[in-house]
Amino acid sequence: MAAGLLWAKRAASYLRISVPFRAFSSVLKDLKYADSHEWARINGNSATIGITDQAQDYLGDIVFVKLPEVGAIVSQGSSFGAVESVKATSDVNSPVSGKVIEVNDELTTSPSLVNGSPYEKGWMIKVEMNNKCEINSLMDSEQYSLNPPIFFTYKRRKAPKPKARR
């Protein structure tokens, strides 16, 4: 199978066709995942938060990161910032509720850290959690790997009904 994939990549490069280089992005076992593609590393009563490898891969080269101020209050499922890439701008939602206790200031000058190291150097904020029970609503690495949420869902529009002729 590897030989077939290698052949396909070579053929695609000659034809100038984009071929994904991996089936699925990396997922770390010690993290919790939100269905909106954010991760949380829980350490006692605090959580370090960032976007997943799959999200940064989908967005492409990240050129700007907007983060909240230290002391800001974030709510589970609500936007706390944004990531702008060459393809799109996307809100970043908090997987847990609480008070922002630290912000990764390196991302203001080097937003590409999110692409190169989404789980280590590319973390975004640290939150002192209000309600540790919210962790139970997040996915573990196995759930996230087996059933990754999709980025967009398409709804088929119904064709308009023809007007009756008189």
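In what follows, the structure referred to is the one given above.
Residues numbered from 1 in each chain as written. Predicted model: local features only at pLDDT ≥ 70, side-chain atom pairs only at ≥ 80, totals over all residues. Heavy atoms only, no water.

### Examining the overall build of the protein
Within the protein, the secondary structure is distributed over five helices and nine strands. The helix and strand sequence of the protein, counted from the amino end, reads α-β-β-β-α-β-β-β-β-β-α-α-β-α. Taking all 166 residues of the protein together, 38% fall into the buried category. Within the protein, residue pairs in contact and separated by at least 24 positions form 63% of the contacts whose partners lie at least 6 positions apart. (Helix = DSSP H or I, 4+ residues; strand = E, 2+ residues; numbered from the N terminus. Buried < 20%, exposed > 50% of the residue type's maximum accessible area, 1.4 Å probe, protein only. Contact = heavy atoms within 4.5 Å.)

### What to know about the environment of Tyr-58
Of note, Tyr-58 is situated in helix H2 (residues 53–59). Sequence spacing of Tyr-58 and Ala-88 is 30 residues, and the spatial spacing of their C-alpha atoms is 9.7 Å.

### Notes on the side chain of Asn-115
Residue position: Asn-115 is located in helix H4 (residues 113–116). When its relative accessible area of 18% is taken as the criterion, Asn-115 is described as buried. Polar side-chain contacts of Asn-115 include one of 2.8 Å to the backbone nitrogen of Ile-62. Among all residues touching Asn-115, those that are not within four sequence positions of it are Gln-56, Gly-60, Asp-61 and Ile-62. (Polar contact = N/O pair within 3.5 Å; in protein donor to acceptor, adjacent residues only side chain to side chain.)

### Structural notes on the pattern of salt bridges
Side-chain pairing between opposite charges can occur once the charged atoms of the two side chains come close. Counted under the stated rule, the structure contains three salt bridges. When the shortest N-O distance is used, the salt bridge between Glu-120 and Arg-41 registers 3.6 Å. On the criterion of sequence distance, the pair formed by Glu-120 in the loop between H4 and strand S9 (125–129) and Arg-41 in strand S2 (residues 38–43) is long-range, its members being 79 residues apart. Measuring nitrogen to oxygen at the nearest pair gives 3.8 Å for the salt bridge that ties Glu-102 to Lys-126. Here Glu-102 is found in strand S8 (residues 98–103), whereas its partner Lys-126 is found in strand S9, with 24 residues between them in sequence. (Salt bridge = Lys/Arg side-chain N within 4 Å of Asp/Glu carboxyl O.)

### Quick notes on the sheet that holds strand S5 (residues 73–74)
With respect to topology, six strands assemble into an open sheet ordered S1-S2-S3-S9-S8-S5, the strand pairing being antiparallel. The outermost strands of the open sheet, each flanked by one partner alone, are strand S1 (32–33) and S5. (Pairing = 2+ DSSP bridges.)

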